[in-house]
Amino acid sequence: MEWIQTILSKHTKEDGTIDLVAANKEIDQEFPNNAVPKDKYNNVADSLKEAKSTIKNLENKTKDSPDIQKELDDYKAKAERLENENKQLVINQQVSSALRDAGAKDIEYATFKLGELELDKDGNVKDLSNKIKDLQSNIPDYFDKKDDKNNS
């Protein structure tokens, strides 16, 4: 959650206090760019579970009925679509967070330049850090230069 720390540091006054009103306002604006709202994620996950359950029930009940097989195919398509949406939410969240941490100036463009991304078996974007490093070396102007503040 470095994006929150960045916002808080921008709104820290000279006396060390934080302008909470301004910080909260900016956090509210930036939240959709940095996180998937819990209710949205839960809705997709619940729909996916429901669709998978419905498919299993229909498969068990109707082996030889063409009408029901069509309905089953429709549910399979819906389940696949929901699963893809869920994967895309996870990918978008991980990529946005990693690009922000890397200092990307334009998250959407950098995401586009990364190309098609996949999740590994653990639910993490495959080889994301190496892809971001390659992107930083190929288009360095689209990333903020990191200062060596910690070494001073």
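Summary of the structure given here. These numbers come from a predicted model, not from an experiment.

Some remarks on the overall build of the chain
The secondary structure content of the chain amounts to six helices and zero strands. Principal axes of the C-alpha set define a box for the chain whose edges measure 75 × 40 × 25 Å. In the chain, which comprises 152 residues, the share counted as buried stands at 24%. Within the chain, residue pairs in contact and separated by at least 24 positions form 55% of the contacts whose partners lie at least 6 positions apart. Looking at charge distribution, the chain has the averaged site of its 25 positive side-chain charges lying 3 Å from that of its 32 negative ones.

Quick look at unusual backbone geometry
With glycine set apart, most residues show a phi of negative sign, and most peptide bonds adopt trans. With a phi close to 55 degrees, Asp127 is a non-glycine residue in the positive phi region. Judged by its relative accessible area of 44%, Asp127 is partly exposed.

What about the side chain of Glu26?
Locating Glu26 in the fold gives a position in helix α2 (residues 20–34). Other than its neighbours up to four places away in sequence, Glu26 contacts Ile7, Lys10 and His11.

Describing the packing of helix α4 (residues 66–102) against helix α6 (residues 128–138)
For any two helices packed against each other, the geometry comes down to the angle between their axes and how far apart the axes lie. With their axes 11 Å apart at the nearest point, α4 and α6 run at an angle of 45 degrees to one another. Taken together, the axis directions place α4 and α6 in an arrangement best described as oblique. Regarding α4 and α6, the two cross each other, and that crossing is right-handed. Along its contact with α4, which presents Gln94, Val95, Ala98, Leu99 and Ala102, the element α6 presents Leu128, Ile132, Leu135 and Gln136. Residue composition of the contact of α4 with α6, by class: seven nonpolar, two polar and no charged.

A look at the pattern of salt bridges
Going through the model one piece at a time under the given rule, you end up with five salt bridges. A salt bridge links Glu83 to Lys52, with the nearest nitrogen and oxygen atoms 4.0 Å apart. In this pair, Glu83 sits in helix α4 while Lys52 sits in helix α3 (residues 38–61), placing the two residues 31 residues apart along the sequence. A relative accessible area of 29% places Glu83 in the partly exposed class.

A word on α3
Relative to the 34 Å expected for 24 residues at 1.5 Å per residue, α3 spans 34 Å between its end C-alpha atoms, a close match to the ideal helical length. Within α3, burial applies to Val44, Ala45, Leu48, Ala51, Ile55 and Leu58. Contacts made by the buried residues of α3 are with α4.

Here's the deal with the nonpolar core
Membership of the largest hydrophobic core comes to 15 residues, with the highest contact counts inside it found for Val95, Leu99, Leu114, Leu135 and Phe143. Going through the elements one at a time, α4, α5 (107–114) and α6 are the ones with two or more residues in this core. Per-element accounting of this core gives the leading share, four residues, to α4. Ignoring sequence-local partners within four residues, the contact set of Val95 consists of Thr111, Leu114, Leu117, Val125 and Leu128.

What counts, and where the lines are drawn
Residues numbered from 1 in each chain as written. Predicted model: local features only at pLDDT ≥ 70, side-chain atom pairs only at ≥ 80, totals over all residues. Heavy atoms only, no water. Helix = DSSP H or I, 4+ residues; strand = E, 2+ residues; numbered from the N terminus. Buried < 20%, exposed > 50% of the residue type's maximum accessible area, 1.4 Å probe, protein only. Contact = heavy atoms within 4.5 Å. Lys, Arg positive; Asp, Glu negative; His and termini not counted. Charge placed at Lys NZ, Arg CZ, Asp CG, Glu CD. Axes fitted to C-alpha atoms, helices over the stretch in contact; angles between N-to-C directions. Parallel < 35°, antiparallel > 145°, perpendicular 65-115°, else oblique. Left-handed = near helix turned anticlockwise from the far one by under 90°. Nonpolar A, V, L, I, M, F, W, Y, C, P; charged D, E, K, R; others polar. Salt bridge = Lys/Arg side-chain N within 4 Å of Asp/Glu carboxyl O. Expected span 1.5 Å × (residues − 1). Core = buried A, V, L, I, M, F, W, Y, C linked by side-chain atoms within 4.5 Å.

Purely geometric stuff here, so don't read any function into it on its own.
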